[in-house]
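Analysis of the macromolecular model
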Amino acid sequence: MLVVMKNDATEAQVQAVIQEIESLGYRGIPMPGAQRTAVCIIGNKGMVEDSRLLALDGVKETIRVTKPYKLVSKETHPEPTIIAIGDVKIGGDKPVIMAGPCAVESEEQALTIARLVKECGALVFRGGAFKPRTSPYSFQGLGEEGLKILERVRKETGLLIVTEAIDHTNIDIVEKYADIIQIGARNMHNYSLLRRAGHTAKPILLKRGFAATIEELLMSAEYIMSEGNTQVILCERGIRTFSDSTRNTLDLSAIPSIKEVSHLPIVVDPSHAAGRREYVIPLSRGAIAVGADGLLVEVHHDPRHALSDGMQSLYPEQFGELMKAIKHPYY
Ligand code: PEP
Ligand code: MN
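The structure reproduced in this document is the subject of the present report.

1. Things to note about the overall build of the protein chain
Within the protein chain, the secondary structure is distributed over eleven helices and 14 strands. In terms of overall size, the protein chain behaves like a compact globule, its C-alpha atoms giving a radius of gyration of 21 Å where 331 residues would be expected to give roughly 20 Å. Along the first, second and third principal axes, the C-alpha set of the protein chain runs to 65 × 45 × 40 Å. The buried share among the 331 residues of the protein chain stands at 54%. Counting contacts in the protein chain only where the partners sit at least 6 residues apart, residues at least 24 apart contribute 68% of the total. Accessible surface for the protein chain amounts to roughly 14600 Å². Of this, 52% is attributable to carbon and sulfur atoms. Where the 38 positive side-chain charges of the protein chain centre and where its 41 negative ones centre are 2 Å apart.

This is the structure we're talking about:
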């Protein structure tokens, strides 16, 4: 249930509503909006008896939230969420492009790619220091050394850094270096990591699992938000289907369907969806055309020698073409 405050309700009145909700045995989470604040009640199993809440000063009305995800739902927060990190706004008017290698391999590799993607207009540099690989024998990332390289990339280029945390203890170190913490497809159901991500001050980029429904993705975002972190960016990165022409199948319909029910921004990763660099530009155009708030794209200056995901990494010239192509996604 949502307790909607009057436009002129004071902070003290909002706090009194939260206290009353707590005295009923639930939790109240304030959701400030452009026009008014609403307080979302979570932790209730069934209907909440709202007469005591309606009697409080500053309360306009109560509304039942019908979706299982409460904080993620547009019912709770009708305006789109814009996540501002410095001057970069994710979920605003312009798509934000995040680009870089699959993994940080060396300082020279990361800096070379960062300079190139920045020149083409990327605002965020991607690169994994901790890599959750399907095989235990594959390159697992440089670890903290990789995070230190990412810090140098930010210092030298001014690009923001998105990098992955792979479990609920590893996030302690990742949050010290990252501007945005990525939770990968393999970890979308890792509830201890999701809960821990709810306690960081950094925005979270939450990728959809290979076999996750939209509702499951939104419930994973709800785990993060229910612990207090409202800065969640969703990411569609392709799902498993019987189609065998691409590594995964990019579900572009996820973008309008999520936008219908949720206020959270959503970006698209065409690289892990396609698995081949040849498809990344057309899929990116499609993603922007259907309303994605940004892209997460793999780029490598020497993809033939990349330690991971070389086949799907764009050459820097192709990334330049992509940046031009998405200005006019419809033709
Ligand atoms: C990645 O972004 O490098 C990655 C591992 O992606 P995913 O979790 O979508 O497979
Ligand atoms: Mn990758």
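Past the structure itself, the notes keep going.
2. Considering the packing of aromatic side chains
One pass over the full model with this rule turns up one aromatic pair. The aromatic ring of Phe210 is capped on one face by Arg240, whose charged end is 4.9 Å from the ring centroid.

3. Thoughts on the state of the cysteines
This structure, assessed with the given rule, holds zero disulfides. Left without a disulfide partner, Cys120 is nearest to the cysteine sulfur of Cys102, which lies 20 Å away. The thiol of Cys235 is not disulfide-bonded; the next cysteine sulfur, from Cys102, is found 13 Å away. Given a relative accessible area of 0%, Cys235 falls into the buried group.

4. Here's the deal with helix H4 (residues 144–157)
With 14 residues, H4 should reach 20 Å at 1.5 Å per residue; the first-to-last C-alpha distance of 20 Å fits that figure. Taken together, the buried positions of H4 are Gly146, Leu147, Ile149, Leu150, Val153 and Thr157. Around the axis of H4, the buried residues are gathered within 155° of arc, so they sit on the same side. Buried-residue contacts for H4 involve helix H3 (107–120), strand E8 (124–126), strand E9 (160–164) and helix H5 (171–177). Following H4 by one or two positions, Gly158 adopts a phi angle in the positive range, close to 80°.

5. Comments concerning the coordination of the manganese ion (ligand 2)
Within the protein, the manganese ion (ligand 2) binds to Cys102 (SG), His272 (NE2), Glu298 (OE) and Asp309 (OD); these donor distances fall in the range 2.0 to 2.4 Å. Mapping the donors of the manganese ion (ligand 2) onto the primary sequence gives the spacing C-x169-H-x25-E-x10-D. Residue Cys102 is located in the loop between strand E7 (96–100) and H3, and its partner Glu298 is located in strand E14 (residues 294–298); the two are separated by 196 residues in the primary sequence. Judged by relative accessible area, which is 0%, Glu298 ranks as buried.

6. Focus on the packing of H3 against H4
Direction vectors running N to C along H3 and H4 enclose 35°, while the axes themselves pass 10 Å from each other. Where H3 crosses over H4, the two elements pack in a sense that is right-handed. Seen from H3, the contacting residues are Glu107, Ala110, Leu111, Ala114, Arg115 and Lys118; seen from H4, they are Ile149, Arg152, Val153, Glu156 and Thr157. By residue class, the composition of the contact of H3 with H4 is five nonpolar, one polar and five charged.

7. Comments concerning the nonpolar core
Ranked by internal contacts, the top residues of the largest apolar core, which has 75 residues, are Val117, Phe125, Leu206, Leu234, Leu295, Phe319 and Leu322. The residues touching Val117, leaving out its near neighbours within four places in the chain, are Ala99, Ala122, Phe125, Leu159, Val299 and Phe319. One finds Val88, Leu160, Leu205 and Val267 within the second-largest nonpolar core, a separate group that totals 15 residues.

8. Remarks on the side chain of Arg237
Within the secondary structure, Arg237 sits in the loop between strand E12 (232–236) and helix H8 (254–261). Asp269 provides the closest opposite charge to the buried, salt-bridge-free Arg237, at an N-O distance of 5.6 Å. Arg237 has contacts with Ala185, Lys207, Arg208, Phe210, Asn248, Asp269, His272 and Ala273, leaving out every residue within four places of it along the chain.

About the thresholds
- Residues numbered from 1 in each chain as written.
- Chains lettered and ligands numbered in written order.
- Predicted model: local features only at pLDDT ≥ 70, side-chain atom pairs only at ≥ 80, totals over all residues.
- Heavy atoms only, no water.
- Helix = DSSP H or I, 4+ residues; strand = E, 2+ residues; numbered from the N terminus.
- Rg over C-alpha atoms; globule rule 2.2 N^0.38 Å.
- Buried < 20%, exposed > 50% of the residue type's maximum accessible area, 1.4 Å probe, protein only.
- Contact = heavy atoms within 4.5 Å.
- Areas by Shrake-Rupley, 256 points an atom, 1.4 Å probe, with all protein chains shown as cover.
- Lys, Arg positive; Asp, Glu negative; His and termini not counted.
- Charge placed at Lys NZ, Arg CZ, Asp CG, Glu CD.
- Phe/Tyr/Trp six-rings, centres within 6.5 Å; stacked < 30°, edge-to-face > 60°.
- Lys NZ or Arg CZ within 6 Å of the ring centre and 35° of its normal.
- Disulfide = S-S within 2.5 Å.
- Expected span 1.5 Å × (residues − 1).
- Arc of directions from axis to C-beta.
- Donors = N, O, S within 2.8 Å, 3.2 Å for Na, K, Ca; no water.
- Axes fitted to C-alpha atoms, helices over the stretch in contact; angles between N-to-C directions.
- Left-handed = near helix turned anticlockwise from the far one by under 90°.
- Nonpolar A, V, L, I, M, F, W, Y, C, P; charged D, E, K, R; others polar.
- Core = buried A, V, L, I, M, F, W, Y, C linked by side-chain atoms within 4.5 Å.
- Salt bridge = Lys/Arg side-chain N within 4 Å of Asp/Glu carboxyl O.

Such coordinate-based values are descriptive only and should not be taken to indicate function.
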